Amino acid sequence: MLEQSLRRNIIIALDTGSGKTHIAVLRIKTEVERQPTKVSWFVAPTVALCEQQRSVIQTAIPVSVGIISGSKEPDQWKNASLWQTALRNNRIMVTTPQVLLDALRHSYVSLGRDVSLLIFDEAHHAVDNHPYNRIMKEFYFALPFQISAASTRYQRPSILGLTASPIYGGNVEKAFKQHQAELSKFVHRPVFRHILYESPSEHDPPFSTNLASLNFVISSIDIQNDPYVHFLRSQLSRAIKGTAEYHRFDQKLSKVIQKEDSFTHKGLRDFARTADAICADLGSWAADWYVWEVIQHAKRAANPYNNMISSWKSSEKAYLLKIINTVTVSPVSFYPEDIADECSDKVRALIEVLLSEKFDAESWNESYLGLVFVQRRDTVLALAELLRHHPFTKEAFEFGCLLGTSDSSYRHSFLDITRFMLKESHEDTLNDFKIGLKTVLISTAVAEEGIDIQACGSVIRWDPPPNMASWAQSRGRARRKRSTYTMMFERGGVEKQTVEKWQDLERQMIALYNDPSRDLVIDEADCEMDDEEDGGLEFRVPSTGALLTLHSAVAHLSHFCAVIPSSAHADSRPLYDIDPPEFIEGWHLFDNRSRQALPYAGPWGSKVTLPRSLPLPQREWVTERIYSNRISAHRHAAFAAYKALYDAELLNDSLLPITSVVEPHLEEEVKEMLKDVEQRHGFAKVSLQMDPWTLEDASPTCWYTYELSIAGLPPLVLFNNSRQISLPGNEGPILYRSGQPPTETRVQYIATIGLDDARVGQARQYTKMLFWSLSGSRMNWEKDDFPYLVLPKDIDTHWEARRAWLSLLHTTKAASRADEYFANAQDFGEAFSYPEDLSIVRNGFQFAKGYRFLAWRYDPLTEEEELEFRKYYARFEDLEIDYPLMTVRALPPRSNFLIPISDKDKDKPPPEVKKLYLLPRLSAITVLSHAETEYAFLLPSILRSLACSITVFSLRDVLFSSTPLSDIPLPLLFTAMTAPVSGERSNYQRLETLGDTVLKYVTGIQILAEYPLWHEGYLSKKKDHAVSNVRLAKEDIKKGLYRWIIRDQMLGRRWKPNYITPEVGKVDKEKELAAPVVGTNVIKKKKKQQELSTKVLADVVESLIGAAYLHGGLDLGNECAKFFDMGLKWQSLPTRIEALLSRVEPIEEYPAQLDTVERILGYTFQRKLLLIEALTHASYEQDQNNTPSYERMEFLGDSVLDMVVTDFLYHAAGKNYSPGHMHLRKSAVVNAHILAYVCLSSSISTDATMPGLGDDGAITLVPETHQINLWQCLLHSSPRVLEDQRNTASRYRHRKAEIKGSLESGTLFPWADLIRLQAPKFFSDMIESLIGAVFLDSGGDINTARSVIATLGILPMLERIVRDDVDVLHPVSRLSMWSSKHDKELEYRIQKEKGKVSCAIVVDEKEECRCTETYHGRASQEEVKFMAAELAIKMFRLRDVDVNYTLLKKKRGPTRKKGVGKSK
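A. Seen up close, the overall build of the protein. If you tally the helices and strands in the protein, you get 49 helices and 35 strands. Out of the 1464 residues in the protein, the part that is buried amounts to 53%. Expressed as a percentage of contacts within the protein between residues at least 6 apart in sequence, the contacts between residues at least 24 apart total 74%. Of the roughly 67000 Å² that the protein leaves accessible, carbon and sulfur atoms contribute 51%.

Laid out in structure tokens, this is it:
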């Protein structure tokens, strides 16, 4: 067989378990070995089969095997590079057929280019429109014939089919493949048996009491009372006659009344039919049990507080519960005699077979394993339950059930509750069967093919197989030696003759494919479309080859609509209307509805309508009435709609929802760019951060000189040779020294001098002396090429004379260069009469510890002082004390004088000065005057400030020259470019928070105007990717902005001066971090190293946008965003607003509630259509203007609201909020819960005065007012929305006083109370969409939007939070921070039981508290979690101690690796 498959395309037809997969593995192995580039593709019809076959292939072949099924969400693989990566990394692919078909249709995979071998498992499925067949028809036959199997040319792949039932429409001539004789040695064909049973007597049929009661109730219910009929009548009454909506509701109402196929009525009829079939098939006991069990499960499912089946609507639940409560049912008896007496003859026959087969197996000393195939899933449950309790079988066997997963239509039906009657999972049952804990499986067709079930000794067909394939597949399960295949036939039935016909067909087939002389030639004309009407129309994208056909159009259109983000209770599916309609208009109103018209046989037309959330000028596509069947008409309508979506650029060239908004490759691209920058930095001496004191591409040509004035000190002349320093107002940095007022400095330009000017040499020596005196231990004596120099304007001759004395002394004594500026204190004192104007003293030479000199001490030390003195000099024994001593104190710890002294440090009393006494002969004096010592201390801070100023000068002059950004003030630029790691007084964090909001705001407007046909989902994705960190980081690197980021630290006491040329033998700290260590394969990194990261790169871009906004408003913020491009088309904001407004059509008539909304907002719309759009829910069907739903306005309003709130928090007077605190407060007022509260609390009173009886009994006008709420003005057509509005409003009435009180005067933000409103999202969406509409209608005036936000109460709420410092920390966040800080393991354990939901707070495996509420769905679960968190906070007194947000985030001690904040 392997040899045959290597020569040509074949289908291998072998019984189950006879080795088809092994042949396929060998075929794949050969293909992998001879084909170097293309993949082998194995296709199996189910996910379970794919996983099973992949495991087998992977075990046998040493190459990577990829698997793709629905669980991998291939629909989300919307980039060809993802598919090519999968093909490149795997030599073998295993998928379900639909995955491959979709990939071929979207041209992500090319059958001719990428695949060399295609294997179809269970190949008998390749008929009609199965994906197997479509792959062959749409893609295989269009390829050129195969030249060579090993060729890499574009050609047909080899085909191998595997099946146990090679039947092609019952035509034996089309079933093929040689059956080799030696298989009989390994494949054990079962013994075929049959057993006859008597059918129930027509005169005395089995009687089920519970079924009779059920039938009686069903016969009495009226379809007119069904809630679905009520809903349709209500919707029809509100719809405008002649509209598509009216027509659609009219047809639905007529159809449901005629067919009585509402959820409840159809479900109950199905229930009764199933129970009746069980009664006839199994007997009355099984029927009684089934009816009882289903009704008990239905009562639980229909409970309004139970959400076990979420698709059941509450009105349907109430109606169903009302009906089934009237059904009188009784539990069954489990007495053996009752069960045996009430069984059918068919059950008796089955039991006989089971016991007989078990006896035979045990007589051969084998364990018995049996498999019973049953057609209906409900019969499986009833039969298993009966056999588990039947006196003849309950001790003899262990029974398990296997049920296939139901399709989507079944999952929404009444009988879906039977899924909950299965006590064990599919996997557990199979595993128990494999290890012998289960001995008999009762199964639907799920076990017929593919599933890995071990060989059985006995297979029994309870129901006859529906077709020959099913017969052959199930028979293959009986493949043990001496196995049996038993079929049960009703005496006198026709099923036996059908099976005999199948056996005869099989014999003919075996004879044919065992005939070595035959060579079947396939006529490809037979493979053409049998339906010519649906065969010819197709659209292929030239650039990719992606294909749209009539067969794929409906599925493609459904997928496109499914990925559209939709509002709650809005149907996003495409709606199809058949032409002509099935019923004449108003049929449901006719008195004589029983009169049937002759059935219409065609031709047909179709209309497809796309969801309202798509802002398309056309949402309906109509086909002519020319098609022979309904399906064909719908396909042509879907084809036209999908082609129109492509023409509107809502699809990409792979015919999928556009993916240009998604850039998954960007992350890797940024990493590669960073790597390149770091390599150039390490090996080409390109600095990651610019050096402001050196010229990168040129040598210095001159020195710039300045007068440096430091308050209280003589002026200095400052030199630098990189670029001229020009400070605004010549104002230098302010210096902050302990115990002194702030010290002002000035830097005023003097002139330019030559490189060889005599003063340069003097300044170099003077500068070296100052730096060496404090930082000499970190300097190289031979280096003095500093890029900055200082020289006093007036030389201090007094100290110059002292230094001349020291120089002569050092020359005489040949002193060390390290001590060039240090004199022995005793020698110095004796030479200059112990002067008092000393500054720095060291307790030895070679850069020993320095002290501040206070005075000479001539008086002897006290006993206590001498004890301390000798302790200090303990290293010298019997030390002789010579007077005078030097009184000194420690130098102040402060070394970075740019950072202001904190207010709390100012208020502290000065620390007690501890005096020390040094022995002059063991000490050294720094020969600097007091002023020079101050220079030495202060110059590092001054130079640091100047370096930062030069950096931002350079940024402005180099990168921002000739752009509006060059006008941004230098202090703002400095803050925007300073990273937190630098330790500077200000950094970019607050600006980054502001800039992030500005960026999202301007980007949102740009995208909204650029893509008028995009729905909110596309817009959000495009914006998210445009402003993502990786995108911003990429733009940062492209512009080279990273070079100006100030991230090096002012090292303080470890400071050392810069040099023009690098030190020989040493590596600059920053370069050392990036350069590889020679002789190793890794880059060694130091702790606290400064790295370029994606976040830092992105943060700086956002902080610059924030700085631009602060200086020039939103227009300059937009210009700054435009500078960084981000892959968008940029225009000015007024231009974009004008473009958006130009598409708004004027309207004459509009809904009456628009006036009410305008009064609530305090704003009158010039363009009423914008307000209609802001109020239109996606379910609304009454609109005649083709207005899209509110999602685009919500998208805009969200950005506007964020902008207003963030701007307020940034400028909050006296607060200077950190980003974390801004985020906390913003989150409190823009979350869905608080915006829903704003919507619920917004209303106006209207005059509703009516005539009535006055006090005197006469008719008069009685004053009355009505309250109209904002939420009532939502335009929708959904009963679910209406129900949600009523329920939420009811909850609001109960909680509004409490919430209002907390917001107006409470100290805590009312998170838990807001959550308890359980408001659906459309409440908050309304507020955001209205804000967006106001902003747009006002011409983009954010002040107008701010006014409306204030009118709605959002801004006053925020002002109060800021003014009174309301605690807004989320309870769950507070508890999580506390647990993390104190190294506690926190867990939320949620339980649902008896209509209640509870949440327990468990800390370190101990339950601390629990809260319980009535269960109303997922919202209740969230509510009870909040309640539990609030309770725990009170118990742990977390608000009484340490509620500071910043402190809460700090952890203490090592953190255990435990799950914190888990939910179950």
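So, next bit.
B. Helix α39 (residues 1191-1210), seen in detail. Here α39 is 20 residues long and its end C-alpha atoms lie 28 Å apart, about the 28 Å a rise of 1.5 Å per residue gives. Of all the 20 residues making up α39, 18 are buried; the element is thus mostly covered by neighbouring parts of the structure.

C. Representation of the nonpolar core. Among the nonpolar cores identified, the biggest contains 250 residues, and F560, Y1001, L1104 and F1309 are the most heavily contacted of them. In this structure, F263, A275, C343 and I442 belong to the second largest nonpolar core, which totals 59 residues.

D. Geometry of the packing of aromatic side chains. For the structure on display, the rule yields 40 aromatic pairs. Plain terms: the ring middles of Y140 and F141 are 5.4 Å apart, the flat faces sit at 80° to each other, and that makes the pair edge-to-face. With 4.8 Å between their ring centres and 75° between their planes, Y834 and W856 make a pair best called edge-to-face. Of this pair, Y834 sits in the loop between α26 (825-832) and β23 (840-842) while W856 sits in strand β24 (residues 850-857); the two residues are 22 residues apart in sequence, bridging distant segments of the chain. Aromatic ring contacts, followed pair by pair, group W693, F771, F786, Y788, W1055 and Y1059 into a single cluster.

E. The pairing of strand β11 (residues 458-461), seen in detail. Of the two faces of β11, the one carrying S458 and I460 and the one carrying V459 and R461 are both buried. Taken together, the four bridges between strand β8 (residues 370-373) and β11 define a ladder with parallel strand orientation. Bridge pairing links V372 to I460 in β11. Pairing of β11 with strand β12 (residues 484-490) involves four bridges; the strand directions are parallel. When the sheet's bridge partners are listed, I460 is paired in β12 with T486.

F. Highlighting the packing of helix α31 (residues 989-1010) against helix α32 (residues 1016-1026). The N-to-C vectors of α31 and α32 enclose an angle of 135°; their axes lie 10 Å apart at closest approach. The pairing of α31 with α32 is recorded here as oblique in orientation. The two elements α31 and α32 meet at a crossing, and its hand is right-handed. Contacts between α31 and α32 pair K1000, T1003, G1004, I1007 and L1008 from the former with L1019, K1022, K1023 and A1026 from the latter. Its residues assigned to classes, the contact of α31 with α32 comprises four nonpolar, two polar and three charged.

G. Here's a closer look at the sheet that holds strand β6 (residues 158-163). Pairing within the open sheet is parallel, and its six strands lie in the order β1-β6-β5-β2-β4-β3. Both edges of this open sheet fall to β1 (10-13) and β3 (65-68), since each of them pairs with a single strand only. The sheet shows a mean angle of 20° between the axes of neighbouring strands, taken without regard to direction. Alignment of β3 against strand β4 (residues 92-95), held across four bridges, turns out to be parallel. Within β4, the residue paired with V65 across the bridge is I92. Contacts between helix α7 (residues 131-140) and the sheet are confined to β2 (39-43), β5 (115-121) and β6, with β5 contributing the most and set at about 155° to the helix.

What counts, and where the lines are drawn
- Residues numbered from 1 in each chain as written.
- Predicted model: local features only at pLDDT ≥ 70, side-chain atom pairs only at ≥ 80, totals over all residues.
- Heavy atoms only, no water.
- Helix = DSSP H or I, 4+ residues; strand = E, 2+ residues; numbered from the N terminus.
- Buried < 20%, exposed > 50% of the residue type's maximum accessible area, 1.4 Å probe, protein only.
- Contact = heavy atoms within 4.5 Å.
- Areas by Shrake-Rupley, 256 points an atom, 1.4 Å probe, with all protein chains shown as cover.
- Expected span 1.5 Å × (residues − 1).
- Core = buried A, V, L, I, M, F, W, Y, C linked by side-chain atoms within 4.5 Å.
- Phe/Tyr/Trp six-rings, centres within 6.5 Å; stacked < 30°, edge-to-face > 60°.
- Pairing = 2+ DSSP bridges.
- Axes fitted to C-alpha atoms, helices over the stretch in contact; angles between N-to-C directions.
- Parallel < 35°, antiparallel > 145°, perpendicular 65-115°, else oblique.
- Left-handed = near helix turned anticlockwise from the far one by under 90°.
- Nonpolar A, V, L, I, M, F, W, Y, C, P; charged D, E, K, R; others polar.

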